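Now for the letters of each chain:
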Amino acid sequence: MGVCGGPAVRVLVLAAAWALGGGQVRYSVPEEAKAGTVVGRLAQDLGLEAGEAEARRLRLVAQGRRASVEVSGASGALVVSSRLDREELCGKSAPCALRLEVLVERPLRVFHVELEVTDINDNAPLFPAARRNLSLSENSPPGSRFPLEGASDADIGANAQLSYSLSPSEHFTLDVKSPDENRKSLFLVLGKVLDRESVPVHRLVLTASDGGRPSLSGTMELVVSVLDANDNAPQFNQSVYKVQLPESAAEGTLVASVNATDPDVGSNGEMTFSVISTFPEKGLNIFLLNPKTGEIRLTGALDYEDARSYEIQIEATDKGTPPLSGHCKVVVEVLDVNDNAPEVWVTSLSVPVPEDAAVGTVVALLSVSDRDSGANGRVRCAVWPAAPFGLVATFAGSYSLVLREALDRERVSEYEVEVRAEDGGAPPLRASRGVRVPVSDVNDNAPAFAQAVYTVLARENNAAGAELARLWARDPDEAGNGRVSYSVWEGGGGGAAPGGGWRAASSYVSVDAESGRLRALQPLDYEEVQVLQFEVRAVDAGEPPLCGNATVQLFVVDENDNAPALLPAAGGGPGPGAAGSAASGPGSGAWWAWAAWGAPAGQVVAKIRAVDADSGYNAWLRYELWEPRGKGPFRVGLYSGEVSTARALEEADGPRQRLVIVVRDHGEPARSATATLSVSLVEGAEAALAAAGSSSAASGPGLRAAEGGPAAAAAAATNVWLVVAICAVSSLFLLAVVLYGASRWAPRAAVLSGPGPATLVCASEVGSWSYSQRQSRSLCVADGAGKSDLMVFSPNVPPPPGPAAKETQPQPPALLDTVSGPPLPPSLPPSLCPSVPPSLACRPFPRRPLPAAALLARPVGRRWWEPG
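Owing to the predicted nature of the structure, the values given are computational and were not obtained by experimental measurement. (Residues numbered from 1 in each chain as written. Predicted model: local features only at pLDDT ≥ 70, side-chain atom pairs only at ≥ 80, totals over all residues. Heavy atoms only, no water.)

**Observations concerning the overall build of the chain**
Then, number 1: Counting its secondary structure elements, the chain contains nine helices and 56 strands.
Then, number 2: Taking all 868 residues of the chain together, 40% fall into the buried category.
Then, number 3: Within the chain, counting contacts between residues at least 6 apart in sequence, those at least 24 apart form 68% of the total.
Then, number 4: Carbon and sulfur atoms make up 55% of the accessible area of the chain, which amounts to about 45400 Å² in all. (Helix = DSSP H or I, 4+ residues; strand = E, 2+ residues; numbered from the N terminus. Buried < 20%, exposed > 50% of the residue type's maximum accessible area, 1.4 Å probe, protein only. Contact = heavy atoms within 4.5 Å. Areas by Shrake-Rupley, 256 points an atom, 1.4 Å probe, with all protein chains shown as cover.)

**Digging into the packing of aromatic side chains**
Then, number 1: For the structure shown, the criterion picks out nine aromatic pairs.
Then, number 2: Between F287 and Y310, the aromatic rings sit 5.2 Å apart at their centres with planes inclined by 75°, giving edge-to-face as the arrangement. Of this pair, F287 sits in strand β20 (residues 287–289) while Y310 sits in strand β22 (residues 309–318), placing them 23 residues apart in sequence.
Then, number 3: A relative accessible area of 7% means that F287 is categorised as buried.
Then, number 4: A relative accessible area of 2% places Y310 in the buried class.
Then, number 5: Between the aromatic rings of W620 and Y639, the centroid separation amounts to 5.2 Å while the plane-to-plane angle is 10°, which identifies the pairing as stacked. (Phe/Tyr/Trp six-rings, centres within 6.5 Å; stacked < 30°, edge-to-face > 60°.)

**Details of the environment of N338**
Then, number 1: Structurally, the position occupied by N338 is in the loop between β23 (325–335) and β24 (343–349).
Then, number 2: Residue contacts for N338: discarding those within four places in its chain leaves D370, D372, N376, D423, G425, P427, P428 and L429.
Then, number 3: A polar atom in the side chain of N338 sits 2.8 Å from the side chain of D423. (Polar contact = N/O pair within 3.5 Å; in protein donor to acceptor, adjacent residues only side chain to side chain.)

**A closer look at a nonpolar patch on the surface**
Then, number 1: Judged by side-chain polarity, V346, L349 and V351 come together as a nonpolar surface patch covering roughly 200 Å² of accessible area.
Then, number 2: Counting through the fold element by element, L349 comes out in strand β24. (Patch = residues over 30% accessible without salt bridge, like charges linked within 9 Å, V, L, I, M, F, W, Y side chains within 5 Å. Salt bridge = Lys/Arg side-chain N within 4 Å of Asp/Glu carboxyl O.)

**Some details on the sheet that holds strand β4 (residues 69–71)**
Then, number 1: Pairing is antiparallel across the open sheet formed by three strands, whose spatial order is β2-β5-β4. Whereas interior strands pair on both sides, the edge strands pair on one side only; in this sheet they are β2 (38–40) and β4. Here the strands of the sheet are splayed against their neighbours by 35° on average, with no regard to which way each runs.
Then, number 2: Direction of pairing for β2 relative to strand β5 (residues 78–80): antiparallel, over a ladder of two bridges. Bridging across to β5, G40 finds its partner in L78. (Pairing = 2+ DSSP bridges. Axes fitted to C-alpha atoms, helices over the stretch in contact; angles between N-to-C directions.)

**Side note on the pattern of salt bridges**
Between side chains of opposite charge, a pair can form as their charged atoms come close.
Then, number 1: Applying the stated criterion across every chain, the model contains 28 salt bridges.
Then, number 2: Here the salt bridges do not stand alone but share partners, grouping R409, E410, D441 and E478 into one network.

**Some words on the nonpolar core**
General note: in soluble globular proteins, nonpolar side chains tend to be found buried as a group.
Then, number 1: Of all hydrophobic cores here, the largest spans 28 residues; its most connected members are F449, F534 and L554.
Then, number 2: Going through the elements one at a time, β33 (453–459), β34 (467–470), β36 (484–496), β38 (509–511), β39 (517–520), β40 (531–540) and β41 (547–557) are the ones with two or more residues in this core.
Then, number 3: When neighbours within four sequence positions are excluded, F449 is seen to be in contact with Y454, L471, W472, A473, Y486, V536, R537, A538, G548, N549 and A550. (Core = buried A, V, L, I, M, F, W, Y, C linked by side-chain atoms within 4.5 Å.)

**Here's the deal with unusual backbone geometry**
Then, number 1: That bond from R213 to P214 is cis: its omega, 0°, falls within 30 degrees of zero.
Then, number 2: Mapped onto the secondary structure, P214 falls in the loop between β13 (201–209) and β14 (217–227).
Then, number 3: P628 follows E627 through a cis peptide bond whose omega is -5°.
Then, number 4: In this structure, E32 takes a positive phi of about 70° despite not being glycine.
Then, number 5: In this fold, E32 is placed in the loop between β1 (24–30) and β2.

**Describing the sheet that holds β38**
Then, number 1: Across the sheet, three strands lie side by side as β34-β39-β38; this open sheet has antiparallel pairing. The sheet is open, and its two edges are formed by β34 and β38, each paired on a single side. The mean inter-strand angle of the sheet, taken between neighbouring strand axes irrespective of direction, is 20°.
Then, number 2: Sheet topology note: the β38/β39 ladder contains three bridges and is antiparallel. Considered in β39, the bridge of V511 is made with L518.

**Brief notes about the side chain of R609**
Then, number 1: Relative to the helices and strands, R609 is located in the loop between β45 (604–607) and β46 (610–611).
Then, number 2: We note that R609 is buried and unpaired, the nearest opposite charge coming from E642 at a distance of 7.3 Å.
Then, number 3: Reaching out from R609, the side chain makes a polar contact with the backbone oxygen of K607 at a distance of 3.2 Å. (Lys, Arg positive; Asp, Glu negative; His and termini not counted.)

**Things to note about the environment of G40**
Then, number 1: You can see G40 is positioned in strand β2.
Then, number 2: Taking C-alpha positions, G40 is 5.9 Å from A77, a pair spaced 37 residues apart along the chain.
Then, number 3: Beyond its immediate chain neighbours, meaning those up to four positions away, G40 contacts Y27, A77 and L78.

**A closer look at the environment of A406**
Then, number 1: Within the secondary structure layout, A406 lies in the loop between β29 (398–403) and β30 (414–423).
Then, number 2: The class of A406 is exposed, set by a relative accessible area of 56%.
Then, number 3: The sequence separation of A406 and V359 amounts to 47 residues, and the corresponding C-alpha distance is 6.3 Å.

Structural measurements only, silent on function.
Below you can see the structure in the form of structure tokens.
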């Protein structure tokens, strides 16, 4: 239909409605029915056929408010479309009917439908407020009534009929009045006297229930506050307060806090505290009460000895009208505290204590006291350190400090003894008193040297009075007991004097009595004494004096103070040549020798012999050819002193060669001696005759032999063959005698020794360095005759190259050489040979047997020296 047709249709519908006004359908539905609930079969009730309702468009016509129902198009039934709330639709009106208009078309007709919404009990009673506050005075009389406001219910009918009830209470009841059906009056009735101090607030619950099925109810809380009245006096929680307070409590200490309660409130419950009296009265100046809090604090010092307790009367007053008051008593008990430390006094002191004092000796008397009483006044004493002193209680408060252990002043010369006292208080108090105990010395320690044996090295030729060493002996005693004096003990040793005598050590050295410095009284001579052993005694000045000894071994270190000394030549040297000598001074000498023309290189012509009275390096000699320089026909063994041909001799070398040989030692500075050797070059036969002649003339003056040498050589040339024959026969005879004697007496050969001390010499791989003329050796031959004064050198020099090397090879031993006297001492330390290199060891002079050829070259019994 068009817009313009709408009003026309509405007019037609209204007309039809009025035409059909006489017909009406009525339905009833409970509120809160669910959506879709069928209210009635509207199409059937309106007389419409099946399917006609949809064809004729059966529908509801809105009239301004939501009907909450609708017509189902298919079935034509009236169904609930939304929530139905009777109270919303009709409020308290009864009954609640909704008028609906139903419209059908073809032809157009309007039907009136009345829908009644019935009430259900869906609303509980409701009070105006959830809580109601009431204030009642605690002095309200029983029977007092207080009106209350009732509840309301949105339902109607029986669902709105209310009944009331009150929660159980011993003080209140509920009175309900019904002036008419629709209205009830409620009253709260006081049934018992109120006591605010007992129950200040009463909480009640008022319940309203409706008459529905099931019944619904609502509640309201009644809060009844009881107003206070000044009907209670202040009350202390204790009638008597007992307090224990130590006498050492400081000012401001809280003594006690009194507490009073007043059940009243407001000004009726407010109270103040005050002190009525104290006993003793001076407590007013010692204690202070806070009037608001009730705290009692200490304002003065407590003294247990002055007052042992205090009683304080206190009053509490409220501010009600009229004011009420309460009372209590505070008893303060003063406790004795350990506020006094023990006191220690030394009444007698006996010091110093001698170190040999007996155990148990009383050193000091002590007095101990404590002003406290009881356990606080009981004192225990101890001494620290625990040794060597101890405490002995004599009677109450008195102690003796006694010696528990032996003293040793050298270990501890003074003791700081602390006497400690402790009382029995809690916590305990302590006091101490220091006692200084010095220990006096007694002469109980002998002087002791740092070493039992002192080894001193002193160079010979030292200045008289030179300091050789310093000896020191320690004596731990003090003063005179520790003052040490030194001396050389006359019976403690000495040294060998020249000529085999004995001299006391005090003739060589002296010791300073105070400083212990060892000084030489005279210059020392190594050649006179090598070792000086003696004892030094240290004696203290105590009473009685004590002494200690030390052994001093003084080794004289050799100085190079002796030049080499040339020895006279032997009667016949090895080889074809012969040699002689003429002395010309201690540092020089002249020698002569023969050599044959054509002698091969390496043939020994002569041997220069020298000795040095020094030892070690200072006595180690070397031989140098000084003249002629360059390549001459002769050479000299560096350590053997053998003069040998450097090459074959020729006539071009001339009839005579003059050799200047220098003998030097290895000292610092080196000392030397010069030997001049004249070598005459002759034919081989003349050289043999010269050698034989020199054998018979060796004992004559060397100077004369040197002057007559050329003339004798010329005279012997004519008898050369005679001399050769004689030498050959003599040699064969001597050889036969020696062989016979060796075969006869060799098994019984003995070693004969003569008197004389053994002397040490130094040796190395290059041979002997020195010898001593004081040494005595014995040579044993087949007939048993002992021959003395024989010195054997045994160098270990490697053999020189050339033909001469054959002569240096060792020969089979024929004789035994030994040193007379006691056995030789073991090797000395290298410090006794300071000038010897470390690779060389000091040991006894090696014994070495002489080769047999050497004995055949000379008659037995002639004094001679074998070349090395």
